[in-house]
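Coordinate analysis (summary)
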Amino acid sequence: MNVNKKHGAGFGIFLACSSAVATGTFGIFLHYMAELGLSDDTVTLIGPVFMFFAFLIIALIKDRRLLKAPKKLYYFTMIVVSGFVLYPLYNFTYVRVFANLPMAIASLFHFSNAIVLVFLMRIIFKQKITKDKIICCVLAIAGILLVLQVITFGTVAPEDNIPITAMGIFWGVAVACSLALVYSIDYFHINHDVPVITTQIYACLCSSLILFLTSNPASVVQNISEAVSANGIAVILLAIAYCAVLMWSYYSITACYNYIDASLGALTFVLEPSVAAVLGFFILSETLNPLQILGIAIAVCAIVYMQYAEGKREKLEAEKSTQAADNSDSNILAENALK
């Protein structure tokens, strides 16, 4: 395994942030697709099917070797472990946590995968739990608590009819752990030189197969036909735009593992609810109170600090590498002088 990340952690953080920002726009897309008549089943199915064919076409045009894994073992990990176990497990727990907990609490548990990942990266990949990671975690959690209005300091919070139960907490822990495992297996593949597009082709293929088996494709086609008949080409254009943003979100979060570890990538998703809150305010005329704005500022601070800490780490590593090279050259010159 190549545990030494490529230099350019700043670019890795940028990729992860772009994935988080893209994910934060999903609510707007879902809102307008529902208004145009597309059902939840339709939206759920078209995403992975679109991405599978898009990544497949890219591989066929760019390099057909992208369809092959470097080792046969990785077909098992991509198809069975990732595609048929971890991704479905995450989707299963995701649905149940939002059905059994208030949305803000469910979102908080969902984001908590970043904390689980910090420990998984230590246990599985021997990545250090540094002071900087802990600071980023604290800032991110503080920001998301305010954005999601879990903490209101006496102000009126949005009402939610779903109570907090032991079963809800169980699903909350389950979704955090399952998403952390999904990120870990993707990180495993990238660190074993499996190309990003290769991982996405097999992940989307498996997701599409599972959804075809568990849904009704005929009703999906009928729903799309009815929506287009009622609202015209705007339905198709909006669906394509959504799928393109979804594709970038999946691609960029996986690609960032070439530069940073998975726990840092997950921490950038503190931006997701922040982007959703800002877009909801400007586009859907939703409320945005001062505490939420403070939470967004803290979330941005977490990203800025992450960028600073990784930049400092890269600088120290470069200085050590230069010093080691200088020492090696000095030893060679000394040995030559003695001859």
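Presented here is a report on the structure given in the accompanying data block. (Residues numbered from 1 in each chain as written. Predicted model: local features only at pLDDT ≥ 70, side-chain atom pairs only at ≥ 80, totals over all residues. Heavy atoms only, no water.)

Moving on, we come to the overall build of the protein chain. Looking only at helices and strands, one finds 14 helices and zero strands in the protein chain. Overall, the protein chain shows an N-to-C arrangement of helices and strands of α-α-α-α-α-α-α-α-α-α-α-α-α-α. For 339 residues, the compact-globule formula gives about 20 Å, and the C-alpha radius of gyration of the protein chain, at 22 Å, lands near that figure. Once the C-alpha set of the protein chain is aligned to its principal axes, its extents read approximately 90 × 55 × 35 Å. Burial status across the protein chain gives 46% buried among its 339 residues. (Helix = DSSP H or I, 4+ residues; strand = E, 2+ residues; numbered from the N terminus. Rg over C-alpha atoms; globule rule 2.2 N^0.38 Å. Buried < 20%, exposed > 50% of the residue type's maximum accessible area, 1.4 Å probe, protein only.)

The tally for this structure, following the rule as stated, stands at 17 aromatic pairs. The interplanar angle of 70 degrees and the centroid separation of 5.7 Å between the aromatic rings of Phe26 and Tyr242 together place this pair among those described as edge-to-face. Of this pair, Phe26 sits in helix 2 (residues 26-35) while Tyr242 is found in helix 11 (residues 234-255), placing the two residues 216 residues apart along the sequence. Judged by relative accessible area, Phe26 falls into the buried class, the value being 14%. Tyr242 sits in the buried class, given a relative accessible area of 8%. Ring centres 4.8 Å apart and planes at 75 degrees place the aromatic pair Phe125 and Tyr187 in the edge-to-face group. With Phe125 in helix 6 (residues 113-125) and Tyr187 in helix 8 (residues 166-191), the pair connects residues that are 62 residues apart, well separated along the chain. (Phe/Tyr/Trp six-rings, centres within 6.5 Å; stacked < 30°, edge-to-face > 60°.)

Okay, the environment of Ser263 next. Looking at where Ser263 falls in the secondary structure, it is placed in helix 12 (residues 262-267). Along the chain, Ser263 and Gln127 lie 136 residues apart, while their C-alpha atoms are 9.7 Å from each other. Setting aside anything within four residues of it in sequence, one finds Ser263 in contact with Ala114, Leu117, Val118, Met121 and Lys133. Engagement of the side chain of Ser263 in a polar contact is seen with the side chain of Asp261, the distance being 2.5 Å. (Contact = heavy atoms within 4.5 Å. Polar contact = N/O pair within 3.5 Å; in protein donor to acceptor, adjacent residues only side chain to side chain.)

Opposite charge on two side chains allows them to pair when their charged atoms are near. For the coordinates displayed, the defined rule picks out two salt bridges. Asp63 is paired through a salt bridge with Arg65; the nearest N and O atoms lie 3.0 Å apart. According to the relative accessible area criterion, Arg65 is exposed, its value standing at 64%. Among the salt bridges present, the one from Lys133 reaches Asp261, with a minimum N-O distance of 2.8 Å. Of this pair, Lys133 sits in helix 7 (residues 131-147) while Asp261 sits in the loop between helix 11 and helix 12, placing them 128 residues apart in sequence. Accessibility expressed as a relative area gives 7% for Lys133, which makes it buried. (Salt bridge = Lys/Arg side-chain N within 4 Å of Asp/Glu carboxyl O.)

A contiguous nonpolar surface patch, about 630 Å² in accessible area, is contributed by Ile115, Phe119, Ile123, Ile124, Ile129, Ile134 and Val138. Elements represented by at least two residues in the nonpolar patch include exactly helix 6 and helix 7. Looking at which element gives the most residues to the nonpolar patch, the answer is helix 6, with four residues. A relative accessible area of 53% means that Val138 is categorised as exposed. (Patch = residues over 30% accessible without salt bridge, like charges linked within 9 Å, V, L, I, M, F, W, Y side chains within 5 Å. Areas by Shrake-Rupley, 256 points an atom, 1.4 Å probe, with all protein chains shown as cover.)

This part is about the nonpolar core. Core analysis: the largest hydrophobic core is formed by 64 residues, its most contacted members being Tyr183, Tyr257 and Leu267. Here this core takes eleven residues from helix 8, the largest share from any one element. (Core = buried A, V, L, I, M, F, W, Y, C linked by side-chain atoms within 4.5 Å.)

Before going further, it helps to spend a moment on the environment of Phe188. Counting through the fold element by element, Phe188 comes out in helix 8. Considering only alpha carbons, one finds Phe188 and Tyr257, 69 residues apart in sequence, at a separation of 9.2 Å.

This paragraph deals with helix 2. The set of residues buried in helix 2 consists of Phe26, Ile28, Phe29 and Met33. What you see down the axis of helix 2 is that its buried residues fit within an arc of 160 degrees, all on one side. Residues of helix 2 that are buried sit in contact with helix 1 (9-24), helix 3 (40-62), helix 11 and helix 13 (271-283). Two residues or fewer after helix 2 comes Gly37, characterised by a positive phi angle close to 100 degrees. (Arc of directions from axis to C-beta.)

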